[in-house]
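Structural description and commentary
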Amino acid sequence: MISHISGTALHTEPGLIVIDVAGIGYGVHVARDTASKIKIGDTISLWTHMAVRETSMDLFGFADRDELAFFEMLLAVPGIGPKSALAVLSLASAETLRRAIAEENITYLTKVSGIGKKTAERIVVTLKDRLGSRGEMGGELREDADVVEVLVSLGYSQTEARDAVKKIDVSKIGTNERIKEALKILGGR
């Protein structure tokens, strides 16, 4: 089992990084955020989960152990495989997803491609007790959903909108402030 990998980035594309480790290139599936932060030639270090199937062996990489732990919890949900779990982690940070699950916010989870209402409900039912209560954070999730909706109505794609929301400074409180911050982020591209 490969649990950790360090090396030099040889190739990057959305969702995949090829890492050179002592002359061998390992393909590692990563969340979109992780792939977008890595440039060819960067020295990188990732925690990994190795998925072995009859016809393939795949490595999934994570910037920190918390993200890896959340990924492995998602794998415990019936009907969620490694690629679906990675797609869920590409939606938002592990902490935001924990809040969505704690609040039973199924609508938020269904924004992931391939995750329908029944699968989102399974995720909530399976993981809610394992994650425990995260306090009163419902307003922030609703604000994030509202910001994404406004950005989409302005012509940005769901992916662009979600990526901008993930980068919003946590000190920005209120939907209007968060929209302004997201527009600054999108305008800086």
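Described in the following lines is the structure provided in the data block.

What counts and how
Residues numbered from 1 in each chain as written. Predicted model: local features only at pLDDT ≥ 70, side-chain atom pairs only at ≥ 80, totals over all residues. Heavy atoms only, no water. Helix = DSSP H or I, 4+ residues; strand = E, 2+ residues; numbered from the N terminus. Rg over C-alpha atoms; globule rule 2.2 N^0.38 Å. Buried < 20%, exposed > 50% of the residue type's maximum accessible area, 1.4 Å probe, protein only. Contact = heavy atoms within 4.5 Å. Areas by Shrake-Rupley, 256 points an atom, 1.4 Å probe, with all protein chains shown as cover. Lys, Arg positive; Asp, Glu negative; His and termini not counted. Charge placed at Lys NZ, Arg CZ, Asp CG, Glu CD. Salt bridge = Lys/Arg side-chain N within 4 Å of Asp/Glu carboxyl O. Phe/Tyr/Trp six-rings, centres within 6.5 Å; stacked < 30°, edge-to-face > 60°. Core = buried A, V, L, I, M, F, W, Y, C linked by side-chain atoms within 4.5 Å. Pairing = 2+ DSSP bridges.

1. A few points about the overall build of the chain
Looking only at helices and strands, the chain has nine helices and five strands in total. Listing the helices and strands of the chain from first to last along the sequence gives β-β-β-α-β-β-α-α-α-α-α-α-α-α. Taking 189 residues into account, the globule formula puts the C-alpha radius of gyration at 16 Å, and the chain, at 17 Å, falls close to it. In terms of overall dimensions, the chain has C-alpha extents of about 50 × 40 × 25 Å along its principal axes. When the 189 residues of the chain are sorted by exposure, 42% land in the buried category. Looking at the chain alone, contacts between residues at least 24 apart form 51% of all its contacts between residues at least 6 apart. Accessible surface, the chain as shown: approximately 10,000 Å² in total, 51% of it carbon and sulfur. A gap of 2 Å separates the mean positions of the 24 positive and 26 negative side-chain charges of the chain.

2. A short note on the pattern of salt bridges
Where charged atoms from two side chains of opposite charge approach closely, those side chains can pair. Within this structure, the stated rule accounts for two salt bridges. Note that Lys 128 is salt-bridged to Glu 104, the shortest N-O span being 2.6 Å. Of the two residues, Lys 128 sits in helix H6 (residues 117–131) while Glu 104 sits in the loop between helix H4 (94–102) and helix H5 (106–109), which places them 24 residues apart along the sequence. On the basis of relative accessible area, Lys 128 is assigned to the partly exposed category, the value being 27%. The partly exposed category is assigned to Glu 104, whose relative accessible area is 44%.

3. Here we look at the packing of aromatic side chains
Working definition: an aromatic ring pair is given by the centre-to-centre distance plus the angle between the planes. Following the criterion strictly, the structure yields two aromatic pairs and no others. Connected via pairs of aromatic rings, a cluster forms that spans Phe 60, Phe 62 and Phe 71.

4. Quick notes on the nonpolar core
Counting 29 residues, the largest nonpolar core has Phe 70, Leu 74, Leu 89, Leu 97, Ile 123 and Leu 127 as the members making the most contacts within it. Listed by contribution, the elements that provide at least two residues to this core are strand E5 (57–62), helix H2 (65–75), helix H3 (82–91), H4, H5 and H6. Filtering out sequence-adjacent residues up to four positions away, Phe 70 remains in contact with Leu 89, Ala 94, Leu 97, Arg 98, Ile 101 and Leu 131. Ile 5, Ile 19, Val 28 and Val 30 belong to the second-largest nonpolar core, a separate cluster that totals twelve residues.

5. Re the pairing of E5
Bridge count between strand E3 (residues 24–29) and E5: two bridges; the pairing is parallel. Along E5, the bridge assignment pairs His 29 with Phe 60. Pairing of strand E4 (residues 43–52) with E5, which is carried by six bridges, proceeds in the antiparallel orientation. When the sheet's bridge partners are listed, His 49 is paired in E5 with Phe 60.

6. Overview of unusual backbone geometry
For Ala 22, which is not glycine, the phi dihedral falls at a positive 55°. Relative to the elements of secondary structure, Ala 22 occurs in the loop between strand E2 (16–21) and E3. Given the relative accessible area of 79%, Ala 22 is considered exposed. Phi at Glu 104 is positive, roughly 60°, even though this residue is not glycine.

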